[in-house]
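# Secondary and tertiary structure notes
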Amino acid sequence: MKCSRCKKLACVALPSHNAGFCPECFPLFFTRQVETAIRREKMFTLDERILVALSGGKDSLALMLELKLQGYNVTGLHIDLGIPDSSWKARKKVEDFCEKNELQLQVFEMEKWGLPICDVKEFVDRPVCAVCGKLKRHIFNKVALEGGYDALATGHNLDDEVARLFANTLRWDTAYLSDQGPVLPASGGFVRKVKPLFRLSEFETANYAFLKGIEIHSDPCPYSSGASFTNHKQLWGELEYRSPGQKFQFYNGFLQRGKQAFAALEKEIGADVKPCEECGSPTSVGRCSICRIKESVATKKAAAQAGK
Amino acid sequence: MVTVHLEPDGEVIELANTKSVLAVLNRLKVRSTMVIVARDGELLTPDRKLHMGDTLLVRKVTSAG
Ligand SMILES: [Zn+2]
Ligand SMILES: [Zn+2]
């Protein structure tokens, strides 16, 4: 296969774009897709300060590097979850990557904040992944607001977005369907959230990461099975194989024609959001779930220690 | 024989009679846009021919988290 741009030997074949690219041209294709996403969705400008959530996975690191190469003012934020034998590896990977590429990095330690995820696992009677996800979103938002950032960027790619949209469609989760998308404008205590990789598939990000020397292998979270999303991704991989471009059509069709209907419905039936009585974060229930989780873990932990 | 290193599983397998990247993917029952394939640090498209003694890296692109 030849490169669609320069006719040299291609290294990546993209059926959904009916194209192939060589090692020099593929990163240009990637850059164009990110530029288009930022421009069309009015994500942010060169004058704004962007906080980039860095998990240590290939997508977040690829995003950080690409935004920096495009000249944006980016700072990385890594959350050290405080999971024994696991979190330090992700942290080290992010720290090494940022040092090597001269990227600004901030690390937030859950343990110092009083709530390492290992305590959540031990003392909270709910699936640890759901609570951990909630805590991470809370902290990303908190750090972005306190640091005066204009936007929070995450490395979600097209496959992540499609898998999530699909899961929410299967449940007809109107609250979720009303505000899913590549840009969530700032509102009532929430910073603007953007997903500049939403036009790019996981396959495209993986190729970019490989060509840019980003180490892809990441240790999966010891608490997560990752099962349901992975199943949906497999299913979509098969659909995409049969009709290339289907993934993007499904997601883009939702943004163009589906989302507004759910937003209108949610405006009628959705809950009002007010600042949390304790920490000021937006919530629909007086005291936010984060503050309640923190208190409950502290109480149970103290009781467990007294009983020893 | 072609030696295939599967990631992230860390498994190593040997395949006979696989003369192209596509043939390897078919034997592994994976679609071409769900893995990246590299030989000696070079990414390969599915149509690329393979030779006896080649060592391939086949890495799933779906992140677990
Ligand atoms: Zn080219
Ligand atoms: Zn609160």
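Residues numbered from 1 in each chain as written. Chains lettered and ligands numbered in written order. Predicted model: local features only at pLDDT ≥ 70, side-chain atom pairs only at ≥ 80, totals over all residues. Heavy atoms only, no water.

All names here are of chain A. Within strand E4 (residues 73-80), seven of the eight residues are buried, which leaves the element mostly enclosed by the surrounding structure. As paired strands, strand E3 (residues 49-53) and E4 are joined by five bridges and run parallel to one another. Bridge pairing in E4 places Val52 opposite Gly76. Each parallel crossover has a hand, and the one from E3 via helix H2 (residues 58-69) to E4 is right-handed. Of the strand pairs in this sheet, E4 and strand E5 (residues 104-109) are connected by six bridges, and their pairing is parallel. Note that in E5 the partner of Asp80 across the bridge is Glu109. Where the polypeptide runs from E4 across helix H3 (residues 87-100) and back to E5, its parallel neighbour, the crossover connection is right-handed. (Buried < 20%, exposed > 50% of the residue type's maximum accessible area, 1.4 Å probe, protein only. Helix = DSSP H or I, 4+ residues; strand = E, 2+ residues; numbered from the N terminus. Pairing = 2+ DSSP bridges. Right-handed = clockwise from strand over helix to strand, strands pointing away.)

Turning next to the coordination of the zinc ion (ligand 1). Residues and elements named next belong to chain A. At this site the zinc ion (ligand 1) is bound by Cys3 (SG), Cys6 (SG), Cys22 (SG) and Cys25 (SG), with donor distances of 2.3 Å. Of note is the zinc ion (ligand 1), whose four donor atoms meet at the metal with angles of 101 to 116° in an arrangement that counts as tetrahedral. Site description for the zinc ion (ligand 1): donor spacing in sequence, C-x2-C-x15-C-x2-C. Pair noted here: Cys3 is in the segment before strand E1 (12-14) and Cys25 is in the loop between strand E2 (19-21) and helix H1 (26-40), with a separation of 22 residues, a long-range link. (Donors = N, O, S within 2.8 Å, 3.2 Å for Na, K, Ca; no water. Tetrahedral: all angles 85-135°; square planar, octahedral: opposite > 155°, others 65-115°.)

All right, on to the sheet that holds strand E3 (residues 35-39) of chain B then. Strand order in the open sheet made by the five strands is E2-E1-E5-E3-E4 (chain B), with mixed pairing throughout. Edge positions in the sheet fall to strand E2 (11-15) and strand E4 (42-43) of chain B, since each has one partner strand and no second. When E3(B) meets strand E5 (residues 55-60) of chain B, the two strands line up antiparallel, connected through five bridges. Directly across from B:Ala38, in E5(B), lies its bridge partner B:Leu57. Here helix H9 (residues 202-211) of chain A sits on the sheet in contact with E3, E4 and E5 of chain B, set at roughly 30° to E3(B). (Contact = heavy atoms within 4.5 Å. Axes fitted to C-alpha atoms, helices over the stretch in contact; angles between N-to-C directions.)

Our next topic: the nonpolar core. The nonpolar side chains of a soluble globular protein tend to be buried with one another. Residue and element names in this part refer to chain A. Ranked by size, the top nonpolar core spans 59 residues in total, and within it Phe21, Met43, Phe44, Val52 and Leu67 carry the most contacts. Non-local contacts of Leu67, meaning those with residues more than four positions away in its chain, are made with Val34, Ile38, Phe44, Val52, Tyr72 and Val74. In this structure, Phe108, Leu135, Tyr149 and Leu152 belong to the second largest nonpolar core, which totals 31 residues. (Core = buried A, V, L, I, M, F, W, Y, C linked by side-chain atoms within 4.5 Å.)

On to the interface of chain A and chain B, then. Contacts between chain A and chain B engage 25 residues on the former and 22 residues on the latter. Buried area between chain A and chain B, both sides added, is near 2000 Å², and the carbon and sulfur share of it is 63%. Joining chain A to chain B, the criterion identifies one salt bridge. There are three residue pairs in polar contact (both at pLDDT 80 or more) connecting chain A and chain B. If you list the elements that add at least two residues to the side of chain A that touches chain B, you get E1, H2, H9 and helix H10 (227-242) of chain A. A class-by-class count of the residues in the side of chain A that touches chain B yields 14 nonpolar, six polar and five charged. (Buried area = accessible area lost by both parts, 1.4 Å probe. Salt bridge = Lys/Arg side-chain N within 4 Å of Asp/Glu carboxyl O. Polar contact = N/O pair within 3.5 Å; in protein donor to acceptor, adjacent residues only side chain to side chain. Nonpolar A, V, L, I, M, F, W, Y, C, P; charged D, E, K, R; others polar.)

Okay, the coordination of the zinc ion (ligand 2) next. All names here are of chain A. Around the zinc ion (ligand 2), the protein supplies Cys276 (SG), Cys279 (SG), Cys288 (SG) and Cys291 (SG) as donor atoms, at distances of 2.3 to 2.4 Å. Its four donor atoms give the zinc ion (ligand 2) angles of 105 to 114° at the centre, a pattern that matches the tetrahedral case. Donor residues for the zinc ion (ligand 2) sit on one chain with the sequence pattern C-x2-C-x8-C-x2-C. Of the two residues, Cys279 sits in the loop between strand E9 (274-275) and strand E10 (282-283) while Cys291 sits in helix H12 (residues 289-306), which places them 12 residues apart along the sequence.

Residues and elements named next belong to chain A. Between its terminal C-alpha atoms helix H11 (residues 246-269) stretches 32 Å, which fits the 34 Å expected from 24 residues at 1.5 Å a residue. Roughly 50° is the biggest bend found in H11, and it falls at Gly258. If you check which residues of H11 are buried, you get Lys247, Tyr251, Gly253, Phe254, Leu255, Gly258, Lys259, Phe262 and Glu266. (Expected span 1.5 Å × (residues − 1). Bend = angle between axes of the 7 residues up to and from the residue.)

With that settled, the discussion passes to the sheet that holds strand E7 (residues 183-184) of chain A. All names here are of chain A. In spatial order, the strands read E5-E4-E3-E6-E8-E7; together these six strands make up an open sheet with mixed pairing. Looking at the sheet topology across the chains shown, the edges are occupied by E5 and E7. Taken together, the three bridges between strand E6 (residues 151-153) and strand E8 (residues 192-194) define a ladder with parallel strand orientation. Opposite Ala151, over in E8, you have Arg192 as the bridge partner. Taken strand by strand, H3 contacts E4 and E5, and its axis lies near 165° from that of E5.

All names here are of chain A. Summarising the element assignment, Glu240 is placed in helix H10. Buried and unpaired, Glu240 has Lys247 as its nearest opposite-charge partner, separated by 4.9 Å. At 2.7 Å, the side chain of Glu240 forms a polar contact with the backbone nitrogen of Gly245. When residues no more than four places from it in sequence are discounted, the contact partners of Glu240 are Ser16, Gly245, Gln246 and Lys247. (Lys, Arg positive; Asp, Glu negative; His and termini not counted.)

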